[in-house]
Amino acid sequence: MVICLVVITVISFVPSSYADRMITLEKVSNVSEESLLNTISDVSNYPQVFPDNVKFVKILDNNTRLVEMNAGINGMFFDTQAICKTDADGNYVVEVVSGDLKGTTMTTKLEKTWGFQGQKDGGTVADISLNVKTSGLLSWMIDFVPDGSLTDALGYGFDKFVQHIQTN
């Protein structure tokens, strides 16, 4: 009983935003900037792009670009809401506004480059910044995930967008 009381007391003093990490990644793809931006910004297509990781996406408000989605990995899925928009600098920004990832933002800056076969503007350089903020159960779990694994997951997601463009 005393142990339970101590655990409850300690947990109650843990701040709600326990984990905060910044992950950055630069990737070069052999698809045009326009096709990449169109695919990334079409959130209703995410269940097709990520069939194992996104169960559903529902657009809640077209004006604010608020969406609700159920996404996860390895059988652990979370319901969350996010605002998905293009900012004044032309960057694509996803800001999570609910759930255990509330406050997390991902900013993707795209820049035209040469394609892999030498065509002008046939490729795209993507600079991706992911500021992960977690709370609740997820904050305890994310501490055990190395930054390299988060970077790999970010790269995998980007590659799935590129693959989706190339196969459709």
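Source: prediction; values computed, not measured.

Peer 1: Looking at this structure, I do not really get the pattern of salt bridges. What am I missing?
Peer 2: Any two side chains of opposite charge can pair, on the condition that their charged atoms come close. Evaluated as defined, the whole model comprises 2 salt bridges. Taking the shortest distance from any N to any O, the salt bridge between Asp147 and Arg21 comes out at 2.5 Å. On the criterion of sequence distance, the pair formed by Asp147 in helix 5 (residues 147-167) and Arg21 in strand 1 (residues 19-29) is long-range, its members being 126 residues apart. With its nearest N and O atoms 3.1 Å apart, the salt bridge here joins Asp159 to Lys27. Of the two residues, Asp159 is situated in helix 5 and Lys27 in strand 1; the sequence distance between them amounts to 132 residues. Look at Lys27 and you get partly exposed, because its relative accessible area is 21%.

Peer 1: Looking at this structure, how should I read the environment of Lys120?
Peer 2: Tracing the backbone shows Lys120 in the loop between strand 6 (105-113) and strand 7 (123-134). Contact partners of Lys120, with chain neighbours within four places excluded, come to Thr113 and Trp114.

Peer 1: Can you help me understand the pairing of strand 5 (residues 92-96) in this one?
Peer 2: Looking down a regular strand, the side chains alternate between one sheet face and the other. With 4 of 5 residues buried, strand 5 is to be regarded as a mostly interior element. Of the pairings in the sheet, the one linking strand 4 (residues 76-86) to strand 5 comprises 5 bridges and is antiparallel in character. If you follow Lys85 over to strand 5, its bridge partner there is Val93. Taken together, strand 4 and the strand that follows it, strand 5, pair antiparallel across an intervening segment of 5 residues, in which Gly90 is found at a positive phi of about 85°. With 4 bridges connecting them, strand 5 and strand 6 associate as antiparallel partners. Among the inter-strand pairings, Tyr92 is bridged to a residue of strand 6, identified as Thr108.

Peer 1: What exactly am I supposed to notice about the layout of surface pockets here?
Peer 2: Once rolled over the atoms, a probe with the size of a water molecule shows which space is left empty. Its boundaries defined by the atoms lining it, the largest pocket holds a volume of some 1,500 Å³. As for the largest pocket, its lining consists of 41 residues, and the residues nearest its centre are Ala71, Gly72, Leu101, Leu130 and Ala153. Within the residue set of the lining of the largest pocket, elements represented by two or more residues are strand 3 (66-73), strand 4, strand 5, strand 6, strand 7, helix 4 (136-142) and helix 5. Considering every element that reaches the lining of the largest pocket, the biggest residue donor is helix 5, with 8 residues. Considering only residue class, the lining of the largest pocket consists of 28 nonpolar, 11 polar and 2 charged.

Peer 1: Can you walk me through the nonpolar core in this structure?
Peer 2: Side chains of a nonpolar character, in soluble globular proteins, are inclined to be buried together. One finds Leu36 and Tyr46 to be the most contacted residues of the largest nonpolar core, which totals 28 residues. The biggest single contributor to this core is helix 5, with 6 residues. Excluding its chain neighbours within four sequence positions, the residues that come into contact with Leu36 are Ser29, Val31, Leu110, Thr124, Phe158, Phe161, Val162 and Ile165.

Peer 1: Help me understand the pairing of strand 2 (residues 54-61) in this model?
Peer 2: Note that strand 2 and strand 3 share 6 bridges and pair antiparallel. Across the sheet, Phe56 pairs through a bridge with Asn70, a residue of strand 3. Here strand 2 hands over to strand 3 after 4 residues, with Arg65 in that stretch at a positive phi of 65°.

Reading the values: rules and limits
- Residues numbered from 1 in each chain as written.
- Predicted model: local features only at pLDDT ≥ 70, side-chain atom pairs only at ≥ 80, totals over all residues.
- Heavy atoms only, no water.
- Salt bridge = Lys/Arg side-chain N within 4 Å of Asp/Glu carboxyl O.
- Helix = DSSP H or I, 4+ residues; strand = E, 2+ residues; numbered from the N terminus.
- Buried < 20%, exposed > 50% of the residue type's maximum accessible area, 1.4 Å probe, protein only.
- Contact = heavy atoms within 4.5 Å.
- Pairing = 2+ DSSP bridges.
- 1 Å grid on protein atoms, 1.4 Å probe; cavity = no way out; pocket = protein on both sides within 12 Å on 5 of 7 lines; lining within 4 Å.
- Points joined across faces, edges and corners; volume = space filled by probe spheres on them.
- Nonpolar A, V, L, I, M, F, W, Y, C, P; charged D, E, K, R; others polar.
- Core = buried A, V, L, I, M, F, W, Y, C linked by side-chain atoms within 4.5 Å.

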